[in-house]
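Observations on chain architecture
What follows is each chain in one-letter form.
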Amino acid sequence: MECVFFSSLSRFPFYYELKIAFVAWLLSPYTKGSSLLYRKFVHPTLSSKEKEIDDCLVQAKDRSYDALVHFGKRGLNVAATAAVMAASKVPVQPESPES
């Protein structure tokens, strides 16, 4: 994402210097920038959308189980077909030379 969106921003003066300062602010134990951003923006957003997130996780779990069952059955069918085809081919034994 950064390559597409920020490529135009990198043409502004001091973009990289400001970016480094922002990352330092986020990581600094003195400013606690990342904690501040989390408490002010991320946590309230996640809390307000908690029900929707839980519903999406349940749906994803159900769909993944259904997909696993579907592909498991399909894999077993392929294996059974291959086993039947392999068993139906009668190997030709080479003739032994008479001594």
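As named in an unreviewed UniProt entry, the chain is Receptor expression-enhancing protein, taken from Cervus elaphus hippelaphus. Of the comments in the UniProt record for the chain, the one headed Sequence similarities (unreviewed entry) reads "Belongs to the DP1 family." Taken verbatim from the UniProt record of the chain, the Subcellular location (unreviewed entry) comment is "Membrane".

Given two aromatic rings, their pairing is described by the distance between the two centres and the angle made by the two planes. All chains considered together, the criterion is met by two aromatic pairs. For the pair tyrosine 15 and tyrosine 16, a centre-to-centre distance of 5.0 Å together with 70 degrees between the ring planes defines the contact as edge-to-face. Relative accessible area serves as the criterion here: at 14%, tyrosine 15 is assigned to the buried category.

Let us now look at the packing of helix 2 (residues 15-27) against helix 3 (residues 33-48). Contact geometry for helix 2 and helix 3: axes closest at 5 Å, N-to-C directions at 80 degrees. Judged by the inter-axis angle, helix 2 sits roughly perpendicular to helix 3. Of the residues in helix 3, those touching helix 2 at Phe22, Trp25 and Leu26 are Gly33, Ser34, Leu36 and Leu37. Split into classes, the residues belonging to the contact of helix 2 with helix 3 amount to five nonpolar, two polar and no charged.

Analysis parameters
Residues numbered from 1 in each chain as written. Predicted model: local features only at pLDDT ≥ 70, side-chain atom pairs only at ≥ 80, totals over all residues. Heavy atoms only, no water. UniProt positions renumbered as here; feature names shortened; annotations may be inferred. Phe/Tyr/Trp six-rings, centres within 6.5 Å; stacked < 30°, edge-to-face > 60°. Buried < 20%, exposed > 50% of the residue type's maximum accessible area, 1.4 Å probe, protein only. Axes fitted to C-alpha atoms, helices over the stretch in contact; angles between N-to-C directions. Helix = DSSP H or I, 4+ residues; strand = E, 2+ residues; numbered from the N terminus. Parallel < 35°, antiparallel > 145°, perpendicular 65-115°, else oblique. Contact = heavy atoms within 4.5 Å. Nonpolar A, V, L, I, M, F, W, Y, C, P; charged D, E, K, R; others polar.

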